[in-house]
Amino acid sequence: MPQYPDSVRSPANFPVTLSRWLLAVGLGSLLLRFWIAVSFPISGDEAFFYWWGVYPDWGYSDHPPMVGWLIALMRATLGDSIWSIRLPAVLLPLALGAALWWALKPVDRTRAAWAVLFFWLAPLNWLNMLITTDTPLIFWSALSVAALLRAERREQLDRAAYGLYALSGLFLGCAFLSKYFSVVLGLTYLVYFGLYRRQRLAGFALLVLCALPGPAINIAYNVTHGWSNIMFNLYNRNEAELFEWRKPLLYIAMMAYLITPAAVWLAVRHRKAMVAAASTQRLLACLVLVPLLFFALLSAKKVIGLHWVLSFYPFGFAYLAFALPAEKLKVCANGLAVFAGLHVLVVAGLYMTTLDTWRSTKLFPQIVRSYKTAEMLQQVSSPGVVLMAEAYTPASIYGFERRQYMPIFGVGKFHARQDDMLVDFSIYQGKTLRIIVSDSPHLEDFQPYFESVRVLSFAQDGVPFYAVEGKGFKYEAYREGVLGAIFKRFYNIPSALPMTGCPFCERYCGQVRCPR
């Protein structure tokens, strides 16, 4: 069992002022997140994931199924509203704080409380209320780490220790069913046990065994669905990635922002203490360093999204709380509070603006689409006409407003290929379609697929938008020109991958694997 010197231990009862800090920050951030959740319009990604909850499955086009299951649960229990599907994201920081406290209090109650406070003071935990694939990933990852930290505190490999290792593995499997970035957590565990805990490899083996149902479910889904989310994550989204210096530089800047200026300054100022803590906090150190290095290497070719690192975010603040000198903990909290407060002031300022405030900005058309969705759809809708959109973001937002799935007309991009599984374009043969587009369309792009086409022009709050009205939809022409392009671009499935089903291929050519 890892040993901790007396210098990092503290009395069992932590200061009353720290308890008040935790109560004020936890409650204040919760209220702000809930306010934003009920007042902010749905984002494109959220609207896209909403349909995963409407059509629950064992997997989806881009990712494993957990966020779809979560949204389905919220719709079934609390109703089909924006606040209900966002509620898990609103409550997430509280759950993560509880997990940190449960995991770290046996080591040092006071520093565990500081760890929770540091994490809650991070600006993202005041503002983020979006329900995405990262929501369940972060939750299950934190539970897995918490169970492992408790297992590592056990003196002996007894029944309780094995139970905690098994629980950690089960949660890791759930994280895998949320998003593939859970593999980085598995890699972190491998490094930790390989370097420091070889005497506990039996516990690690049980952890891995209990995590396997997650990958097994995902593989079974992919075998029957044309390896859709494997193709997306490993092939289609990485075809054109090249090295650019701006990518690692953006990663460094992003991490400095996420860690916050105050924490970065204190970590550098007390770097000897930060390094020394790695000898006593080996698992926390691995949870910080391994993902940092992994994403740093990946940043040579990929732009690392802010959300990519969030499943490891709580452990960085935990490590900071256990590494900094005791007299600097309050200084760090004050710096974090100031940084969070600046973000809250900015948000308050944004909520005091009106649509007219944004009229001269490039964002105005997107703002109008988000806040005036119902009015836009009312203008475009007509009896007997099928509405579609040109891309997944507007299609998802329009569909959410109508509570009716809206197909995407055209090839689209490698993102959001759920249409390939849900939509059978043959049912629109001979019908009139209206494809909503943001810019003035080129009719020659649509003419091959209809008997006649025309452009309809609209305006909402001064923002022009358009619809291509096509009468007499020609499915066979669309199959040849659009579905054929989709097949060639996104369904180049390696022959070595076994398949027993592929919804798109079966509709396109009547076979599980279409000839190329």
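Computed from a predicted model, the values in this text were never measured in an experiment.

Caption draft 1: How the structure looks around the environment of Tyr428. Of note, Tyr428 is situated in the loop between α22 (419–422) and β2 (432–437). When the C-alpha positions of Tyr428 and Gly472 are compared, they lie 8.9 Å apart, and in sequence the two are 44 residues distant. Not counting chain neighbours up to four residues away, the residues in contact with Tyr428 comprise Val386, Met388, Pro407, Val423, Leu433 and Phe473.

Caption draft 2: Examining the state of the cysteines more closely. Enumeration according to the criterion identifies one disulfide in this entry. Each sulfur in the disulfide pair Cys509 and Cys514 lies 2.0 Å from the other. With the S-S dihedral at roughly -90°, the linkage between Cys509 and Cys514 falls on the left-handed side.

Caption draft 3: Seen up close, the environment of Leu329. Mapped onto the fold, Leu329 is located in helix α18 (residues 329–351). Measuring from C-alpha to C-alpha, the distance between Leu329 and Thr373 comes to 47 Å, with 44 residues separating the pair along the chain. When sequence neighbours within four positions are dropped, the list of residues in contact with Leu329 reads Arg111, Trp114, Phe118, Ala321 and Leu324.

Caption draft 4: The arrangement of the sheet that holds β2 in detail. Taking strand neighbours across the sheet as the criterion, the four strands line up as β1-β2-β4-β3 in an open arrangement whose pairing is mixed. In this open sheet, the two edge strands, each paired with only one partner strand, are β1 (385–389) and β3 (450–460). Strand-to-strand, the axes of this sheet are offset by a mean angle of 25°, without reference to chain direction. Bridge count for β1 against β2 is five bridges, and the pairing is parallel.

Caption draft 5: A look at the pattern of salt bridges. Enumeration over the complete set of coordinates arrives at 11 salt bridges. In this structure, Lys179 and Asp134 form a salt bridge, with 3.0 Å as the shortest nitrogen-oxygen distance. Placement of Lys179 in the loop between α8 (159–176) and α9 (182–196) and of Asp134 in helix α7 (residues 134–152) is noted, with a sequence separation of 45 residues between them. Side by side, Lys179 and Asp134 carry an identical accessibility label, which is buried. The residue Arg417 makes a salt bridge to Asp420 at a minimum N-O spacing of 3.0 Å. Residue Arg417 shares its accessibility class with Asp420, and that shared class is buried.

Caption draft 6: How the structure looks around unusual backbone geometry. In this structure, Thr260 is a non-glycine residue whose phi angle is positive, near 85°. Mapped onto the secondary structure, Thr260 falls in the loop between α13 (246–259) and α14 (261–269). Here the phi dihedral of Asp461 falls at roughly 55°; this positive angle occurs in a residue that is not glycine. Its relative accessible area of 27% is what places Asp461 among the partly exposed residues.

Caption draft 7: How the structure looks around the packing of helix α16 (residues 282–298) against helix α17 (residues 313–323). At their nearest, the axes of α16 and α17 sit 9 Å apart, and the two run at 130° to each other. Between α16 and α17, the interaxial angle falls into the category oblique. In the crossing of α16 with α17, the sense of the turn from one axis to the other is left-handed. Listed contacts from α17 to Leu284, Ala285, Leu287 and Val288 of α16 are Phe315, Gly316, Ala318 and Tyr319.

Cut-offs and rules
- Residues numbered from 1 in each chain as written.
- Predicted model: local features only at pLDDT ≥ 70, side-chain atom pairs only at ≥ 80, totals over all residues.
- Heavy atoms only, no water.
- Helix = DSSP H or I, 4+ residues; strand = E, 2+ residues; numbered from the N terminus.
- Contact = heavy atoms within 4.5 Å.
- Disulfide = S-S within 2.5 Å.
- Pairing = 2+ DSSP bridges.
- Axes fitted to C-alpha atoms, helices over the stretch in contact; angles between N-to-C directions.
- Salt bridge = Lys/Arg side-chain N within 4 Å of Asp/Glu carboxyl O.
- Buried < 20%, exposed > 50% of the residue type's maximum accessible area, 1.4 Å probe, protein only.
- Parallel < 35°, antiparallel > 145°, perpendicular 65-115°, else oblique.
- Left-handed = near helix turned anticlockwise from the far one by under 90°.

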